[in-house]
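# A structural walkthrough
Residue strings, one per chain:
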Amino acid sequence: MPVNETIKPILKFLWLSPIAFGACYFCGTQIATSEVGMQKLDEMTAAGHCIQAVRDVPAGTVLRSQDVQAVDTFANRVEGDMLARLDQVVGKKVKYGLVAKQAIVSRDLMQAEKAQ
């Protein structure tokens, strides 16, 4: 086999290497710039609050203050039916089981029975 034939694949690789390196460098700088921008936005985003379960809670359990905690989060991650105050949760019975670190929404709790 002539030497020319064995060098052709190496020459193609050497020719494509700068293109591949340039593309990777460009993509990496774009990702880094985007990440820095997201971190700056996180600092400017308003804070919100939600209530989370501290541990797993089975259905039918009356929630105590040891079972839940208030957590700060970004306001854009707080949904409309998420509960934000401990007094909305403590003393209420759980309709469905809760998992640790699950945000508590109003539909997870049983409604107070109407006085007759």
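Structural data are supplied above this passage.
The sections below set out a description of the structure shown in this document. In this text the structure is predicted, and so the values were computed from the model without any measurement. (Residues numbered from 1 in each chain as written. Predicted model: local features only at pLDDT ≥ 70, side-chain atom pairs only at ≥ 80, totals over all residues. Heavy atoms only, no water.)

## Concerning the side chain of Asp108
- Structurally, Asp108 can be placed in the segment after β2 (68-74).
- For the buried residue Asp108, which engages in no salt bridge, the nearest side chain bearing the opposite charge is Arg107, 5.3 Å off.
- When neighbours within four sequence positions are excluded, Asp108 is seen to be in contact with Lys93, Val94, Lys95, Tyr96, Leu98, Gln102 and Ala103. (Helix = DSSP H or I, 4+ residues; strand = E, 2+ residues; numbered from the N terminus. Buried < 20%, exposed > 50% of the residue type's maximum accessible area, 1.4 Å probe, protein only. Lys, Arg positive; Asp, Glu negative; His and termini not counted. Salt bridge = Lys/Arg side-chain N within 4 Å of Asp/Glu carboxyl O. Contact = heavy atoms within 4.5 Å.)

## Some details on unusual backbone geometry
- A positive phi angle, close to 70 degrees, is found at Lys101, a residue other than glycine.
- Considering the arrangement of structural elements, one finds Lys101 in the segment after β2.
- Overall, Lys101 belongs to the exposed group, its relative accessible area being 64%.

## Here we look at a nonpolar patch on the surface
- On the surface, Ile7, Ile10, Leu11, Phe13 and Leu14 cluster together to form a nonpolar patch covering roughly 510 Å² of accessible area.
- With respect to the element layout, Leu11 can be found in helix α1 (residues 3-44).
- The class for Leu11 is exposed, based on a relative accessible area of 51%. (Patch = residues over 30% accessible without salt bridge, like charges linked within 9 Å, V, L, I, M, F, W, Y side chains within 5 Å. Areas by Shrake-Rupley, 256 points an atom, 1.4 Å probe, with all protein chains shown as cover.)

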